[in-house]
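Descriptive structure summary
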Amino acid sequence: MIASARSLIAARCLRSIAQGILLVDFTLYLRALGWTAVQLGALFTAGIFFQILLILMTGPLVDRLGPRPVLLSIGLLQGVVSLGPWVSHSSSVLWGAALFCGFGIGAGAASGPFSPVELAWLGRLVGPAERGKLYSFSNSAGFAGIGIGAFLGMFPERLDGPVHGPSLYQPMFPVFSAFLFASCILVAISPVRPLSRRRKTPSSGGHGKRKISC
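These notes cover the structure that comes with them. (Residues numbered from 1 in each chain as written. Predicted model: local features only at pLDDT ≥ 70, side-chain atom pairs only at ≥ 80, totals over all residues. Heavy atoms only, no water.)

Considerations on the overall build of the protein
Scanning the protein from terminus to terminus reveals 9 helices and 0 strands. The order of α-helices and β-strands along the protein, N terminus first, is α-α-α-α-α-α-α-α-α. Among the 214 residues that make up the protein, the fraction classed as buried is 41%. Residue pairs at least 24 apart in sequence account for 83% of intrachain contacts in the protein once pairs closer than 6 positions are excluded. For the protein, the exposed surface amounts to about 11,700 Å²; the carbon and sulfur share of it is 66%. (Helix = DSSP H or I, 4+ residues; strand = E, 2+ residues; numbered from the N terminus. Buried < 20%, exposed > 50% of the residue type's maximum accessible area, 1.4 Å probe, protein only. Contact = heavy atoms within 4.5 Å. Areas by Shrake-Rupley, 256 points an atom, 1.4 Å probe, with all protein chains shown as cover.)

Quick look at the structure:
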């Protein structure tokens, strides 16, 4: 596997670890704040549909700007926005961060606005015959990251005692940001191979250039 593909797949794994952590802890954080099941269901439903909207937007942006600027923009913005719940319990802050960052729905493994951008980039790195294998590695890394993150998400509960309530889960938001910023570094150093266009050359045999008579 070429180095640029490894960097992109590693970046996806890091983002998925971040999502896996908050897949567990964001729901517990909101429950500690007193959110009801109806509020949680409404938030996660809205979050899923907002991620669909972002997916529909990122595809055309890749065609216009290229994959690296789009991935970096989304990753950096999510890394900054995800710090909001670390410092504020405001419902508007929680809604905004959850919608844009996909908290609690695991938008890093198989879905989310990163997916079409990554597929477009990976598709440029190898030929059509090798894309299926590369996409399989990428999806596997995403789900493995979600699993690792969900495992790490259980550790705040181990600190219960000296720290109680919502404060138990707030440190997970800067951890989420740190993973996203680390993934952005990998994206920044990954080279983008331009699409190669083959030109058909006329054969040297008896089929030469045709003269067009006016």
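Some thoughts on the packing of helix 1 (residues 3-32) against helix 9 (residues 172-189)
For any two helices packed against each other, the geometry is given by the interaxial angle and the distance between the axes. Their axes nearest at 8 Å, the elements helix 1 and helix 9 cross at an angle of 170°. On the basis of their axis angle, the class for helix 1 and helix 9 is roughly antiparallel. At the point where helix 1 passes helix 9, the crossing takes the left-handed sense. The class makeup of the residues in the contact of helix 1 with helix 9 is 18 nonpolar, 3 polar and 2 charged. (Axes fitted to C-alpha atoms, helices over the stretch in contact; angles between N-to-C directions. Parallel < 35°, antiparallel > 145°, perpendicular 65-115°, else oblique. Left-handed = near helix turned anticlockwise from the far one by under 90°. Nonpolar A, V, L, I, M, F, W, Y, C, P; charged D, E, K, R; others polar.)

Re the pattern of salt bridges
Charged atoms that come close allow side chains of opposite charge to pair. Considering all chains together, one arrives at 2 salt bridges under this definition. Note that Arg12 and Glu118 form a salt bridge whose closest N and O atoms lie 3.7 Å from each other. Taken together, the residues span a long stretch of sequence, with Arg12 in helix 1 and Glu118 in helix 6 (residues 114-125) at a distance of 106 residues. Assessed through its relative accessible area of 2%, Arg12 is described here as buried. (Salt bridge = Lys/Arg side-chain N within 4 Å of Asp/Glu carboxyl O.)

Points about helix 9
Here helix 9 is 18 residues long and its end C-alpha atoms lie 26 Å apart, about the 26 Å a rise of 1.5 Å per residue gives. Restricting attention to buried positions, one finds in helix 9 the residues Met172, Phe173, Phe176, Ser177, Leu180, Ser183, Cys184 and Val187. The arc that holds every buried residue of helix 9, seen down its axis, measures 145°, which confines them to one face. Turned more than 90 degrees off the buried face of helix 9, the exposed positions are Ile185 and Ile189. Among the structural elements, helix 1, helix 3 (67-81), helix 4 (84-87), helix 5 (91-101), helix 6 and helix 8 (155-158) are those in contact with the buried residues of helix 9. (Expected span 1.5 Å × (residues − 1). Arc of directions from axis to C-beta.)

Structural notes on the packing of helix 3 against helix 5
Where helix 3 contacts helix 5, the axes come no closer than 10 Å and their chain directions differ by 155°. Here helix 3 lies roughly antiparallel to helix 5, going by the angle between them. Considering how the two elements wind past one another, helix 3 and helix 5 form a crossing that is left-handed. Across from Leu77, Gln78 and Val81 in helix 3, the residues of helix 5 making contact are Gly96, Ala97, Phe100 and Cys101.

Some remarks on the environment of Arg68
Relative to the assigned elements, Arg68 resides in helix 3. Judged by relative accessible area, which is 24%, Arg68 ranks as partly exposed.

With respect to the side chain of Asp25
Its location among the elements puts Asp25 in helix 1. If we ignore the near neighbours within four places in the chain, the residues touching Asp25 are Gly153, Pro156, Tyr169 and Met172.

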